[in-house]
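# Descriptive analysis of the structure
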Amino acid sequence: MANNQLKQVVINVSAKDFIVKCSEEFANFLDDDIALLSAGTKKVELKRFVDAYVKKTYENYILQKELKKLIKNINENVKTDDAI
């Protein structure tokens, strides 16, 4: 069963704390990702944070393009199968 409790993750960017409330599962993932970005300190300089944001956004963009292409291919194959 899914855990609907919210967990807080504190992200320190340029000496300012930001609190993110999210599911426990995502919070654990986010904590790990922030630890990698900050070399375990959980403190990130603004430039590094923006660079990481741009990188993640680009990765998301590429994944969305691939997903749209995959969906298009699946839809075309389903139409082809229906015609048989």
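Note that the structure is a prediction, hence the values are computed from the model and not measured. (Residues numbered from 1 in each chain as written. Predicted model: local features only at pLDDT ≥ 70, side-chain atom pairs only at ≥ 80, totals over all residues. Heavy atoms only, no water.)

So, on to the sheet that holds strand β2 (residues 16–23). With respect to topology, 3 strands assemble into an open sheet ordered β2-β1-β3, the strand pairing being mixed. Each of the sheet's edge strands pairs with one partner strand only, and the pair in question is β2 and β3 (43–44). Note: strand β1 (residues 6–13) against β3, 2 bridges, orientation parallel. Bridge pairing in β3 places Asn12 opposite Lys43. Its contacts with the sheet put helix α1 (residues 24–37) on β1, β2 and β3, and the angle it makes with β1 is roughly 20°. (Pairing = 2+ DSSP bridges. Helix = DSSP H or I, 4+ residues; strand = E, 2+ residues; numbered from the N terminus. Contact = heavy atoms within 4.5 Å. Axes fitted to C-alpha atoms, helices over the stretch in contact; angles between N-to-C directions.)

All right, on to the environment of Lys79 then. Summarising the element assignment, Lys79 is placed in helix α2 (residues 46–83). Take Lys79: its relative accessible area is 62%, and that puts it in the exposed class. Between the alpha carbons of Lys79 and Phe18 there is a distance of 48 Å; along the sequence they are 61 residues apart. (Buried < 20%, exposed > 50% of the residue type's maximum accessible area, 1.4 Å probe, protein only.)

A grouping of Leu67, Leu70, Ile71, Ile74 and Val78 is seen on the molecular surface, where their side chains present a nonpolar patch of about 430 Å² in accessible area. Structurally, Ile74 is set in helix α2. (Patch = residues over 30% accessible without salt bridge, like charges linked within 9 Å, V, L, I, M, F, W, Y side chains within 5 Å. Areas by Shrake-Rupley, 256 points an atom, 1.4 Å probe, with all protein chains shown as cover. Salt bridge = Lys/Arg side-chain N within 4 Å of Asp/Glu carboxyl O.)

Bridge count between β1 and β2: 8 bridges; the pairing is antiparallel. Of the residues in β2, the one forming a bridge with Gln8 is Lys21. Once β1 ends, the chain turns through 2 residues before running back antiparallel as β2, passing Ser14 with a positive phi of about 50°.

Let's shift gears to the layout of surface pockets. Counted as a void, the largest pocket has a volume near 330 Å³. Lining the largest pocket are 13 residues, and of these Asp33, Leu37, Ala52, Tyr53 and Lys56 sit closest to its centre. For the lining of the largest pocket, the elements supplying multiple residues, two or more each, are α1 and α2. In the lining of the largest pocket, the residues fall into 9 nonpolar, no polar and 4 charged. (1 Å grid on protein atoms, 1.4 Å probe; cavity = no way out; pocket = protein on both sides within 12 Å on 5 of 7 lines; lining within 4 Å. Points joined across faces, edges and corners; volume = space filled by probe spheres on them. Nonpolar A, V, L, I, M, F, W, Y, C, P; charged D, E, K, R; others polar.)

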